[in-house]
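# An overview of the molecular structure
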There are 2 protein chains.
Amino acid sequence: MPRLLIVGGDAAGMSAATHVKRACPDVDVVVVERGSYTSYAMCGIPYYVAGEVDEPAQLVAKAPEEFASMGITVHLRTEAVDVDPEGRMVGVIGLDDGEERSEPYDQLLLATGAHPVPQPIPGMAEYGNVVHTLDEGERLRRHLDTVATKQAVVVGAGYIGMEIAESLVRRGIKATLLDRSPQVMRSLDPDMAAHVERALIEFGVDVRLDERMTEIRGTDGVCTEVVTDKGTFEAQAVIMGLGGKPNLELAEKAGCEIGPSGGLVVDPQMRTTVAGVWAAGDCVESVDVVAGLRRNVQLGTHANKQGKIAGYNLAAVLSGNQPSAAFPGVVGTAVTKVCNWQIARTGLLESDALEAGVEYEVVSFEGNARAGYMDDPGRVYVKMMAGRPTGRVLGAQMVGTGNVAKRIDVAATWCHLGVTVQEAQLLDLSYAPPFGGVWDLLQVGARKLVAKLGLQPLL
Amino acid sequence: MPRLLIVGGDAAGMSAATHVKRACPDVDVVVVERGSYTSYAMCGIPYYVAGEVDEPAQLVAKAPEEFASMGITVHLRTEAVDVDPEGRMVGVIGLDDGEERSEPYDQLLLATGAHPVPQPIPGMAEYGNVVHTLDEGERLRRHLDTVATKQAVVVGAGYIGMEIAESLVRRGIKATLLDRSPQVMRSLDPDMAAHVERALIEFGVDVRLDERMTEIRGTDGVCTEVVTDKGTFEAQAVIMGLGGKPNLELAEKAGCEIGPSGGLVVDPQMRTTVAGVWAAGDCVESVDVVAGLRRNVQLGTHANKQGKIAGYNLAAVLSGNQPSAAFPGVVGTAVTKVCNWQIARTGLLESDALEAGVEYEVVSFEGNARAGYMDDPGRVYVKMMAGRPTGRVLGAQMVGTGNVAKRIDVAATWCHLGVTVQEAQLLDLSYAPPFGGVWDLLQVGARKLVAKLGLQPLL
């Protein structure tokens, strides 16, 4: 019976496991996961910390028992610590009992994810909370539920940090959001990020940019204050809202190539550079089809899709066939809700285009999320870029109140398929007063870009 | 000075007027409009009738004085009644003073719109309200504001009828919605329309299908009851929520060809079959690029785009150049909000595919509008079709609570560009818990269609 070993039991790993077991019931599918949960919604952790989701179990899409009933073996609290790609064997250790053993494989899938690496400043080890896994989310919530937390400091003003800061304010805790960079959300251009910063401040978050934490102090095992290069803040909790770094210890031991982005190099079939070793999810590099380069993008949506592709190809290979499925790459789509604002982006930022040496034109404007005569029409700021002279849509950013988020998927499709602003402006997109103006905001952007690029306006 | 005469001062006509005047300031642009308003949002009329919009002026995007200040002449309350395409002359009549005169032109644009034609049953002329123009909307609102209306009958369960019925319920009026067909909203398949019917009933609308009004009765000039083939209803107001029929009296006099859809035949440049006569908006036929046939689609979004195309080409022709802009056609995208439900559709219905002899596969399923663990995840019903064996996306319908409407624009783009379900399922679409699941609903549909069509699952 061929054996598939998967390291990592979240989105990418379990998508692959499920697909392989369904396609090839006679493959022995074994998963090792160092945490206590399988297949959980990492993006839901801020809602759990805020108390809007009651139990960690609500964030678990599928529990180990469900996988067991499908015939998939899952070893929780088990860490893969060594690998022999020649002998096709992985050394694992039980985190609770310390027992070591070997897990053989015919094919190995690394779905090891990513994790933040906080800088080693005084007090970090004792008092710094990371909220990347559900175990860590539980630990933070327990802390907030038991220690009288009046003030907290969140470090890192990206998605996770902003969402956690908002969660804290919703719980009635004074939240200071620190970032060493001069803007929140580096996934937006600075002019768009400024709107988000304003939304955070209006919601009651104490935003401090260009500021760096240097020490966390505490007494009796409880944090009391945070020291930065600009001052000192009282805080009964410190949360690191940092982006993750791919977990590559095992991949390095296997000799897999790591790309300049810091993610594992994989081909479109999700094969690493080592025979019999595949990878998917937050630990790999993906092709950015707009920029034409490789990025390490850590998002559940890619992890699920890549896990499915890996699963499809693994099922083929484990049945003696050729892999034929391919991951088509990413365009950099991301959305989030911060306070009462929706934030969406896809494609290149201006800085990306400059860095890649891409000639572009850009427009920025504001409009209504609904018809102007409706109650609360909603304000939306839009920024959109197209290539010069082609008119190809290169990227869009939208932030505002009202319906913004899923509208970015239209621009994402345009970026993915190489649609030009001439085509885009005339597509048959929807209109009704509760949902927008008669010219869709992205088509207004396309029209403005057509004019600015001096293109033949229409087809 | 070359002279452009435009008949009809709403979306299509004024889009063209504005474009031509900006591009060619020395063209004499003259508009005749039989109503009292220019450029108003017809789709906003139900909100005005409901009292959610206070004044008709709020629905007017641009008033005649604003056009005058741009150098565009607008004659309101003036009807074009005759045309001589050889002599390039239109006969008009002032509706207030009854004066007749001739308006010469070098190029003529017919933007005459559409209007419902209620069946000639007893009482219709005295008591039947139509709400297609802003003047008519004002008349209905005046009626509702002055006559003690406790009960009303709305005839026609399409967009307009449903929106008006909802408006009435919001005003505290008992609304009966009649339709002679066995379903509401014939722009949806019956199984999807059934969800909308349920939403109407839950909101308090008295929905009666398969029922036909035969008479409206009244006393002292006020409607008192409505007779149908199944019963009699007390009603102090009767509103015809009917679709429009293109206004083609002038076009017929000019000798323009009318297509089987009942709309004017135009080429992609918006030229009718008569030299010097152009047309745009609700009165024309558009190419449905999915079905490969021509339809008369009456929507402000097309009227604006076609008006712009016509304006662009008219500016070229009036400057001695060749027209070069083209309208790319439609795919049948439409959205609306009915009660607390969002309704969206694009592309073909099953009945369209059957009628056109297109081989297809279809999937129907339900999902959440947001992540399942969020408060009020929102229910969404999805139906999606793809061509067999190509996998080309042919259409999608989504109805539900929560964020549905603008998501259809993604499927509309797929339909427009001929995207296949294999491509669609792997596009980089957005994900965050407040806005959907990790697999976008349309991508879930694409995945299901890939499986059902037995297609090579991935690229």
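This text follows the structure it describes.
Residues numbered from 1 in each chain as written. Chains lettered and ligands numbered in written order. Predicted model: local features only at pLDDT ≥ 70, side-chain atom pairs only at ≥ 80, totals over all residues. Heavy atoms only, no water.

Once that is clear, we can look at the nonpolar core. Core analysis: the largest hydrophobic core is formed by 90 residues, its most contacted members being A:Met384, A:Trp414, A:Val421, B:Met384, B:Trp414 and B:Val421. For A:Met384, the residues in contact, after removing those within four places along its chain, are A:Glu361, A:Val362, A:Val363, A:Val393, A:Gly395, A:Ala396, A:Trp414, A:Leu442, A:Gly445, A:Ala446 and A:Leu449. (Core = buried A, V, L, I, M, F, W, Y, C linked by side-chain atoms within 4.5 Å. Buried < 20%, exposed > 50% of the residue type's maximum accessible area, 1.4 Å probe, protein only. Contact = heavy atoms within 4.5 Å.)

What follows is about the interface of chain A and chain B. The accessible area lost on association of the parts is a frequent measure of interface size. Contacts between the two partners involve 65 residues from chain A, matched on the other side by 65 residues from chain B. Regarding the contact of chain A and chain B, the summed buried area is about 5800 Å², with carbon and sulfur atoms giving 66% of it. Its largest share of buried area at the contact with chain B, chain A owes to A:Tyr373, A:Lys406 and A:Asp428, together 14% of the area lost on that side. For the pair chain A and chain B, the interface holds two salt bridges. Two residues, A:Lys406 and B:Asp440, come together in a salt bridge whose shortest N-O distance is 2.7 Å. The interface formed by chain A and chain B holds 18 residue pairs in polar contact (both at pLDDT 80 or more) in total. Looking at the side of chain A that touches chain B, the elements that each hand over two or more residues are helix 9 (300-318), strand 21 (334-338), helix 11 (408-417) and helix 13 (441-452) of chain A. Taken together, the residues of the side of chain A that touches chain B break down into 35 nonpolar, 18 polar and 12 charged. (Buried area = accessible area lost by both parts, 1.4 Å probe. Salt bridge = Lys/Arg side-chain N within 4 Å of Asp/Glu carboxyl O. Polar contact = N/O pair within 3.5 Å; in protein donor to acceptor, adjacent residues only side chain to side chain. Helix = DSSP H or I, 4+ residues; strand = E, 2+ residues; numbered from the N terminus. Nonpolar A, V, L, I, M, F, W, Y, C, P; charged D, E, K, R; others polar.)

The subject of this paragraph is the packing of aromatic side chains. Counting across every chain of the model gives four aromatic pairs over all chains. Residues A:Tyr37 and A:Tyr40 carry aromatic rings whose centres are separated by 6.5 Å and whose planes lie at 75° to one another, so their mutual orientation is edge-to-face. Neither residue differs from the other here; A:Tyr37 and A:Tyr40 are each classed as buried. With a centroid separation of 6.2 Å and an interplanar angle of 5°, the aromatic rings of B:Trp341 and B:Tyr381 are classed as stacked. Placement of B:Trp341 in strand 22 (residues 341-347) and of B:Tyr381 in strand 24 (residues 379-387) is noted, with a sequence separation of 40 residues between them. The ring of A:Trp439 carries A:Arg447 above its face, with NZ or CZ at 4.4 Å from the centroid. Taking NZ or CZ as reference, B:Lys305 lies 5.1 Å from the ring centre of A:Trp439, over its face. (Phe/Tyr/Trp six-rings, centres within 6.5 Å; stacked < 30°, edge-to-face > 60°. Lys NZ or Arg CZ within 6 Å of the ring centre and 35° of its normal.)

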